[in-house]
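Read off the chains here:
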Amino acid sequence: MRTRRTTRTVVAIVAAMLLAGSMAACGNSDTGGGGGDDKIVLGFSQVGAESGWRTANTSSIKEAATEAGIELKFDDAQQKQENQIKAIRNFIQQKVDVIAFSPVVESGWDTVLKEAKDAGIPVILTDRAVDSADKSLYKTFLGSDFVKEGRLSGEWLVEQTKSATGPVNIVELQGTTGSAPANDRKKGFADAIAANPNLKIVASQSGDFTRAGGKQVMEQFLKANPDIDVLFAHNDDMGLGALEAINAAGKVPGKDIIIITVDAVKDGMQALADGKFNFIAECSPLLGPQLMDLAKKVHAGEEVPPRIETEETTFTQAQAKEALPNRKY
């Protein structure tokens, strides 16, 4: 009898252990990708905080990561490529699940991207592209069509100046030298204004996408070229900086000098609504939700399109006034 009881006791203990293990396994599977070891870790290297656009872009990414349940390791490159390369290598060492970054410039990324590929970590480009010939080094590019933004800006100017009989002098505030938006917006704008031989770019220089840079370079433009008819700024912040230089020179922005910019952040839209700017081609910074969706897909091994464009529009003064009350950035 004693042996029989002992056997029953052992069987009961084993059964209880198996049941507990089964319940624990179910509990672990219920947590899914929401936390613990299953939580996706995304390493993100941001260009910097050079503009209102970039600040809105960073906020969108951080908020979307929290909402998506993704652990975000964030790095600010302060507009230096060497900082971004260092950050990406740190992400590789930390064995993050996905790497995303907005490249400071287009070239010089192949070596570090190959290191990420060799480590089995998928890479997503956001906002800005790279000029690598090896497209296998990254999974996809999420962002705007910068050439289109420049082209739309140029086409609007061609339409506005179609009755001009003499030369129309244009100055251009370029973005960061070597960056995709600077290269592409310049190309798109130049291609579009070629339709009117009266439109001539008399000066073009980088203001590095900053208000301070825009003001400084515009001051130089005004001293060297007293007869400026049009300013094309590669982003709102440089255009806003240029406003200070134009006012200081005794000219009326939006009237004496037509001002065209890109981005459509709140401050730029307000300047457009006030008649200080004349036209803005939109470049949306709110890429966070799309980026998190892509991070989940590439981590799961799903196929994604090699290029995903954001939906954007353009604004005149009347359209800016209508859009401003509900503007998120």
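Our subject is the structure that appears above.
Residues numbered from 1 in each chain as written. Predicted model: local features only at pLDDT ≥ 70, side-chain atom pairs only at ≥ 80, totals over all residues. Heavy atoms only, no water.

A. The side chain of Glu-149, seen in detail. Assignment of secondary structure puts Glu-149 in helix H5 (residues 146-160). Leaving out residues up to four positions away in the same chain, Glu-149 has contacts with Ser-144, Arg-185, Val-262, Ala-281, Glu-282, Cys-283 and Glu-312. (Helix = DSSP H or I, 4+ residues; strand = E, 2+ residues; numbered from the N terminus. Contact = heavy atoms within 4.5 Å.)

B. Here's a closer look at the pattern of salt bridges. Tallied over the entire structure, the rule returns 17 salt bridges. Arg-128 serves as the salt-bridge partner of Asp-127, at 3.7 Å between the closest nitrogen and oxygen. Judged on exposure class, the residue Asp-127 and its partner Arg-128 are both buried. Two residues, Arg-211 and Asp-237, come together in a salt bridge whose shortest N-O distance is 3.1 Å. (Salt bridge = Lys/Arg side-chain N within 4 Å of Asp/Glu carboxyl O. Buried < 20%, exposed > 50% of the residue type's maximum accessible area, 1.4 Å probe, protein only.)

C. Region of the structure containing the nonpolar core. Membership of the largest hydrophobic core comes to 29 residues, with the highest contact counts inside it found for Leu-173, Met-218, Phe-221, Leu-231, Ile-257 and Phe-277. Of all the secondary-structure elements, those providing two or more residues to this core are strand S6 (168-174), helix H7 (211-224), strand S8 (230-233), helix H8 (236-248) and helix H9 (266-273). The dominant element in this core, judged by the number of residues it contributes, is H8, at six residues. Excluding anything up to four places from it in sequence, Leu-231 contacts Val-171, Leu-173, Met-218, Ala-242, Ile-257, Ile-258, Ile-259 and Ile-260. Ranked by size, the runner-up nonpolar core spans 21 residues in total, among them Phe-146, Leu-157, Phe-232 and Phe-279. (Core = buried A, V, L, I, M, F, W, Y, C linked by side-chain atoms within 4.5 Å.)

D. Structural detail: the environment of Glu-67. Within the secondary structure layout, Glu-67 lies in helix H2 (residues 52-68). Linking Glu-67 and Pro-289, residues 222 residues apart in sequence, is a C-alpha distance of 8.7 Å.

E. A look at the packing of aromatic side chains. Taken as a whole and assessed by the stated rule, the structure comprises four aromatic pairs. When the ring of Trp-156 is compared with that of Phe-279, the centres are 5.0 Å apart and the planes differ by 15 degrees; the resulting orientation is stacked. A residue pair is termed long-range when its members are at least 10 positions apart, and Trp-156 in helix H5 and Phe-279 in strand S10 (residues 279-282) qualify at 123 residues. Looking at Phe-279, the relative accessible area reads 4%, which means it is buried. The ring centre of Phe-74 lies 4.5 Å from the NZ or CZ of Lys-62, which sits over that ring. (Phe/Tyr/Trp six-rings, centres within 6.5 Å; stacked < 30°, edge-to-face > 60°. Lys NZ or Arg CZ within 6 Å of the ring centre and 35° of its normal.)

F. Examining helix H4 (residues 110-118) more closely. Every buried residue of H4 is listed here: Val-112, Leu-113 and Ala-116. The arc that holds every buried residue of H4, seen down its axis, measures 100 degrees, which confines them to one face. Exposed side chains of H4 directed beyond 90 degrees from the buried face belong to Thr-111 and Asp-118. Buried positions along H4 lie against helix H3 (81-93), strand S3 (98-101) and strand S4 (123-126). Backbone geometry just downstream of H4 places Gly-120 in the positive-phi region, at approximately 75 degrees. (Arc of directions from axis to C-beta.)

G. Quick peek at the sheet that holds S4. The six strands are arranged S2-S1-S3-S4-S5-S11 in an open sheet whose pairing can be described as parallel. With partners counted over all chains shown, the strands left at the sheet margins are strand S2 (71-76) and strand S11 (307-309), one partner each. Neighbour-to-neighbour, the strand axes of this sheet turn through a mean angle of 20 degrees, independent of strand direction. Looking at chain direction, strand S1 (residues 41-46) and S3 are connected through four bridges and run parallel. Pairing of Gly-43 across the sheet is with Ile-99, part of S3. (Pairing = 2+ DSSP bridges. Axes fitted to C-alpha atoms, helices over the stretch in contact; angles between N-to-C directions.)

H. Summary view of unusual backbone geometry. Unlike most non-glycine residues, Gln-78 shows phi in positive territory, near 55 degrees. Structurally, Gln-78 can be placed in the loop between S2 and H3. You can call Gln-78 exposed: its relative accessible area is 55%.

I. Region of the structure containing the sheet that holds strand S12 (residues 314-315). In spatial order, the strands read S7-S6-S8-S9-S10-S12; together these six strands make up an open sheet with mixed pairing. Both outer strands of the open sheet, strand S7 (199-206) and S12, are each paired with one neighbouring strand and no more. For S10 and S12, the ladder comprises two bridges, and the chain directions are antiparallel. Across the sheet, residue Ala-281 finds its bridge partner in S12, namely Thr-314. The sheet contacts of H7 involve S6, S7 and S8, and relative to S6 the element is tilted by about 150 degrees. H9 rests against S10 and S12 of the sheet, and its axis sits at about 150 degrees to S10.

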